[in-house]
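Next come the chains, spelled out residue by residue.
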Amino acid sequence: MDILRGKIRALKQRLRPDGDVNVIRLQRRAKMTAVVRQRLPLLKFALFAIGYLWMLALPIIPTETTEKMDENALLPGQVHTHWNWAEVHTADRYLEQLEALRDNNATSEQRSDYLVKEFAKLGLAASAQPYQFSTVFGTSDGINSYAILSSPRTSGSEAIVISASWLSRTGEGDGTLNLRGVSTILAFAAFVRRYSLWAKDLVFVISDGYLEGMQAWLSAYHGVSQPNVQAADLELTSGVIWTALNIDYPGHSFSHLGIYHEGLNGRLPNQDLLRSFRRISRGTGGVPVILYDRLDPKDAESSFGDLLPKWIPIPSTIVQAVEKYYYFGKNVVRHANYQARGIGSGTHALFHQYRIDAFTMYALPATGPHGFHSIGRVLESTLRTANNLLERLHASFFFYLLTNADYSLKIGSFLPSAILVSVAMMFGGLRLWTDAGWTRSLTEEKGAPRWVTRPRPVLQVVTIMASTHLVGAAMFWAINTSWVANSAFGCVLVALCASALPLIALSAPPSGEDEASVSSVLKSLNLCFASTIISAVAVLNFSLAASMGIALGIPLSLSASHKHTPVRLAHYTCYVILGTAWLYYHSGVTKMIWDWQVLGVWFCPFLCIIFSPLVMQAGIVCLLP
């Protein structure tokens, strides 16, 4: 018993030692700092490893089912739908007329005249909007057609948009026509006017082209001016748009309905809208729902197990686990591709910038068994669900990650992976900053080494960093000129010029012994700045932050000077490839420029003004003595 009491007293003495409390606190803090500093390389490695492994594990992290509804007012699938075979016949007749226009190579004006007349025959207020975009690649024009069904029950202060673009999103707008989607809109307009249950105005929009037509219509609807657009003002307008449903039906019939939900610059719609659609499609329409256009492994004709030799005894549970990871992983990568580049995944993406919840229901082409009857019932029930809202959707998530149509990840399940990488970079930068400000010196009296402070060349480093971002801004201006944008050689020339400018650092004199080296301070601030950007972007666009963490985390941490010039040049070349390789992919550059000039996607300026300069700074670290 005495031994136990003695141990308890010793523990209390250790936790609460006698003496001045402030001195004890400072001593404890100094010990903790020393321990962290001593183990900082191991801590950095652990943070990088955990962050990257977390990203790899996203497809298998326990997910939340999409069955749960946070907004009680939606009541999805709780109505009796009226869409029936008579409306299917109407849609077939519209389809025949649209196919005749296609076969006759009708112009945008002829198509618009037909659509406006058909809307007018239904007793709807209809109009057209011509537009023209001017870019470095030339001009593109078209005519949007739209109609409005005024709400019979309210003043029309709110509205819902039902839209279809003339071109399908198949192949990202490669020219496949969305004739059945347009036919569905026309038949649905004829259908809904027979009922007085609508509490919001219904706006039917058939946009020309793929994305540019809806961009012109939305800009005019919200009074947003765009310098390179000449678009007529809308003759007809309605109230504030809360929800938008986009129909993409390119085939003869379909087997599944796919969800496309990513918006411009990483925006996402409220998850309750997608959950409602999923429940309605499976319950009311009897149509299975998938994410994008990729079938679930259990619905696919071939599986991972079919690729293996029959004599390999692999348990079916392992095969299913591999198939699930591969399927979920491809969905996560596709989502990251859309969100990180900010391009959106369909016409619905243009609505999110105006705080309008929207998504595209994509009819996956197949030999059956679904057609106009199924998609009409799903559209009607989804529209009536959105019609129930008394306020904007707000109860559910706007930050989530869908691994498939049935499961999603909350923000707390994926955001830490990018933050851990940024924290590792910040620790590395702060360690370098501390080391740069101190040096060991011998005392005159005893000859013992001691730590003394030394100045850091902060002004020079900040000037170098600012210069790289100015070079990035000049690069952005250059690729947005007509000559460079239309020439693969011009893009290569811009990349070579931007890569040659930092070579001036080879002639820089070495720093004195009593001053920190420019390369160490530059690497420190480069890591801290990159870490700050990743952390800030993570709460706006997780996929972009994760991509930056993957591309910059380890390369920026490994940048270092070398005493031999050939080695320094070799290291610098690696960073040049990392920072400017995208300029050698001309078709990708033209797509980014078009997205920026027409849709306002930020990815192109972000690459030029943020990403490439950060990599360039790491390259300069290698060049400096």
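Above this note sits the structure.
Residues numbered from 1 in each chain as written. Predicted model: local features only at pLDDT ≥ 70, side-chain atom pairs only at ≥ 80, totals over all residues. Heavy atoms only, no water.

Let us look at helix H17 (residues 542-558). The end-to-end C-alpha separation of H17 is 24 Å, in line with the 24 Å expected for 17 residues at 1.5 Å each. Along H17, the largest kink reaches about 35 degrees and is centred on Leu552; proline Pro555 follows within four residues of it. Along its buried surface, H17 packs onto helix H3 (40-56), helix H10 (316-341), strand E11 (400-402), helix H12 (411-436), helix H16 (518-538) and helix H20 (603-623). (Helix = DSSP H or I, 4+ residues; strand = E, 2+ residues; numbered from the N terminus. Expected span 1.5 Å × (residues − 1). Bend = angle between axes of the 7 residues up to and from the residue. Contact = heavy atoms within 4.5 Å.)

Okay, the state of the cysteines next. Taken as a whole and judged by the stated rule, the model has 0 disulfides. Cys608 provides the cysteine sulfur closest to Cys604, a residue in no disulfide bond, and the two sulfurs are 4.5 Å apart. (Disulfide = S-S within 2.5 Å.)

Scanning the entire structure with this criterion turns up 18 aromatic pairs. Cluster of aromatic residues (ring-pair linked, three or more members): Trp83, Phe188, Phe191 and Tyr195. Between the NZ or CZ atom of Arg169 and the centre of the ring of Tyr260, over which it lies, the distance is 3.9 Å. Here Arg456 stacks its cationic end above the ring of Trp433, 4.1 Å away from the centre of that ring. (Phe/Tyr/Trp six-rings, centres within 6.5 Å; stacked < 30°, edge-to-face > 60°. Lys NZ or Arg CZ within 6 Å of the ring centre and 35° of its normal.)

A few words on the sheet that holds E11. Reading across the sheet, the 3 strands line up as E1-E12-E11 and stay open at both edges, with antiparallel pairing between neighbours. For this open sheet the edge positions go to strand E1 (64-65) and E11, each flanked by a neighbour on one side alone. Alignment of E1 against strand E12 (residues 407-410), held across 2 bridges, turns out to be antiparallel. When the bridges of E12 are listed, Glu64 appears paired with Ser408. (Pairing = 2+ DSSP bridges.)

On to the pairing of E12. Sheet topology places E11 next to E12; 3 bridges connect them, and they run antiparallel. Residue Tyr400 lies in a different strand from E12, and its bridge partner there is Lys410. The turn linking E11 back onto E12 is made up of 4 residues.

Once that is clear, we can look at the pairing of strand E4 (residues 158-165). Among the 8 residues in E4, 7 count as buried, and that is most of the element. Summarising the sheet, E4 and strand E7 (residues 240-248) pair through 6 bridges and their orientation is parallel. Considered in E7, the bridge of Val161 is made with Ala244. In the sheet, E4 pairs with strand E5 (residues 201-207) via 7 bridges, with the strands oriented parallel. Bridging from a neighbouring strand, Ile162 pairs with Phe204 of E5. The handedness of the E4 to E5 crossover, carried by helix H6 (residues 179-192), is right-handed. (Buried < 20%, exposed > 50% of the residue type's maximum accessible area, 1.4 Å probe, protein only. Right-handed = clockwise from strand over helix to strand, strands pointing away.)

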